[in-house]
Amino acid sequence: MASSDVHVRICEQEILKYDLEIKALIQDITECTGPQSKLTELNAEVKKSFHNLRLRIQDLEQMALEQDKESDKQAMISQVEGHRKQMLRKMTKEGLAQTTSDITENLMSISRMMAQQVQQSEETMTSLATSSRTIQETNDEFKTMTGTIQLGRKLITKYNRRELTDKLLIFLALALFLATVLYILKKRLFPFL
C-alpha cells in the first residue's frame, strides 16, 4: 500500500507539472507576436503536453481502480474526474489558442497580400506617371510641330505668291525689253516710219 501511495503522489505531481506546462504554453501563445513558425511550434508543444497529461490521468484512474478500500477508490476517481474537467477546459483554451493562431496566420497572409497589392499599385502609379509624362512631352512636341507646319504652310503660300509675282514682273520686263528692242530696230532700220 505504501508503494502505491508513492506512485499516486508521483502521478499527481506529474499531472500538476503538465498542467503548469500547458498554462505557461497557452500564456506564451497569447503573448506571441512572432512569426507563424513560432506559433506552430508552441501549439505542437501544447498538444504534446496534453497527450502526456491525458496519459497521466489514465494512469491515475488505473491506480484508483486498483485500490482496495472503496473510500480511497472513490476519492481518487473524483480526483480523476476533476483532472479531466480541468483538461477539457484547457483543451477549450488550446482550441481557442489554435483558432487565434490560425486567425493570426490568416491576418499575416492578408497583410502580406495587401503589401504586395500596395507594391503593385505603386509600380502601376509610377508606370502611369511615366506614361503620362511621355504623352505630355509628345503632345508638347506635336503642338510645336503643328506650329512649325503652319508656319511652313504660310511661307510656302507666300513664296508661291511671290513666284507668281516674280514671273509676272519678268514677263513684263521681257515685254518692255522686246518693245525697246523693236523700237530701236524700227528707228535704225526704218528711220522714215
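Residues numbered from 1 in each chain as written. Predicted model: local features only at pLDDT ≥ 70, side-chain atom pairs only at ≥ 80, totals over all residues. Heavy atoms only, no water.

Peer 1: What exactly am I supposed to notice about the overall build of the chain here?
Peer 2: Counting its regular elements, the chain contains 3 helices and 0 strands. The contacts of the chain with a sequence gap of at least 6 include a subset with a gap of at least 24, amounting to 69%. Split by element, the accessible area of the chain, about 14900 Å² in all, is 62% carbon and sulfur. (Helix = DSSP H or I, 4+ residues; strand = E, 2+ residues; numbered from the N terminus. Contact = heavy atoms within 4.5 Å. Areas by Shrake-Rupley, 256 points an atom, 1.4 Å probe, with all protein chains shown as cover.)

Peer 1: Honestly, the confidence of the model for the chain in this entry has me stumped. Any pointers?
Peer 2: As a note on interpretation, predicted positions should not be read in detail where pLDDT is low. Residues of the chain with pLDDT of at least 70 account for 89%, and the chain-wide mean is 83. Per-element confidence in the chain ranges from a low mean pLDDT of 81 for helix H1 (residues 2-31) to a high of 84 for helix H3 (residues 70-189). (pLDDT = per-residue confidence, 0-100.)

Peer 1: How should the pattern of salt bridges be read in this particular structure?
Peer 2: Pairs may arise between side chains of opposite charge once their charged atoms sit close together. A full pass over the atoms with the stated rule returns 4 salt bridges. Notably, a salt bridge pairs Arg56 with Glu14, separated by 2.8 Å at the nearest N-O pair. Residue Arg56 is located in helix H2 (residues 36-65), and its partner Glu14 is located in helix H1; the two are separated by 42 residues in the primary sequence. Judged by relative accessible area, which is 26%, Glu14 ranks as partly exposed. Between Arg56 and Asp59 there is a salt bridge, and its shortest N-O distance comes to 2.2 Å. Here the residue Arg56 and the residue Asp59 both occupy positions in helix H2, the gap between them amounting to 3 residues, near one helical turn. Note on Asp59: relative accessible area 29%, which makes it partly exposed. (Salt bridge = Lys/Arg side-chain N within 4 Å of Asp/Glu carboxyl O. Buried < 20%, exposed > 50% of the residue type's maximum accessible area, 1.4 Å probe, protein only.)

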